[in-house]
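Overview (structure and organization)
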Amino acid sequence: QVQLVESGGGLVQPGGSLRLSCAASGSIFSIDTMSWYRQAPGKERELVAVITSGGSTNDADSVKGRFTISRDNAKNTVYLQMNSLKPEDTAVYYCNADVVSMRALFRHLEVWGQGTLVTVSS
């Protein structure tokens, strides 16, 4: 019906950068809020950043000033630019979206991606 696919994860050294992408596809009428979450081993899932359909953003204190969330509405894609990466940023990063689905009779659906692993290590 609606799918989110993350990409861009990988291994990076401390201080390096990565850019994550999350593309939505399927029976999409519109996408409201899009978010990035992460979950490190042994820890709870954490909200990293949020962006509304109008472009307003909010970031977790732990990533403020280092990460930037953005979106391309024409491509149904949200991005997370990660700079000055730290080992503490190591986690599986998940994309989340509030999607208005045509196939679901224009109801709001909360959709999760499968996750992409970011490892920050020397």
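Above this text is the structure in question.
The following refers to the structure shown. Here the structure is a predicted model, which is why all the values come from computation and not from measurement.

In this section: the pairing of strand E5 (residues 46-51). Relative to E5, strand E4 (residues 28-39) is paired through five bridges, and the arrangement is antiparallel. Each bridged residue has a counterpart across the sheet, and for Trp36 the counterpart in E5 is Ala49. Connecting E4 to the next strand, E5, in antiparallel fashion are six residues, including Gly42 with a positive phi near 75°. Bridge count for E5 against strand E6 (residues 57-59) is three bridges, and the pairing is antiparallel. Following the sheet pairing, Ala49 is matched in E6 by Asp59.

In this fold, Ser35 is placed in strand E4. By relative accessible area, which is 5% here, Ser35 ends up buried. Leave out the neighbours within four places in its chain, and Ser35 touches Leu47, Ala49, Val50, Tyr94, Cys95 and Asn96.

The final tally for this structure, using the stated rule, is one disulfide. One disulfide in the model links Cys22 with Cys95; its S-S distance is 2.1 Å. Taking the torsion about the S-S bond as the criterion, the Cys22 to Cys95 disulfide, at about -85°, is left-handed. Residue Cys22 is found in strand E3 (residues 18-26), and its partner Cys95 is found in strand E9 (residues 91-101); the two are separated by 73 residues along the sequence. When its relative accessible area of 0% is taken as the criterion, Cys95 is described as buried.

As a further point, take the nonpolar core. Ranked by size, the top nonpolar core spans 33 residues in total, and within it Trp36, Val48, Phe67, Val78, Leu80, Met82 and Tyr93 carry the most contacts. Per-element accounting of this core gives the leading share, five residues, to E9.

The rules behind these values
- Residues numbered from 1 in each chain as written.
- Predicted model: local features only at pLDDT ≥ 70, side-chain atom pairs only at ≥ 80, totals over all residues.
- Heavy atoms only, no water.
- Pairing = 2+ DSSP bridges.
- Helix = DSSP H or I, 4+ residues; strand = E, 2+ residues; numbered from the N terminus.
- Buried < 20%, exposed > 50% of the residue type's maximum accessible area, 1.4 Å probe, protein only.
- Contact = heavy atoms within 4.5 Å.
- Disulfide = S-S within 2.5 Å.
- Core = buried A, V, L, I, M, F, W, Y, C linked by side-chain atoms within 4.5 Å.

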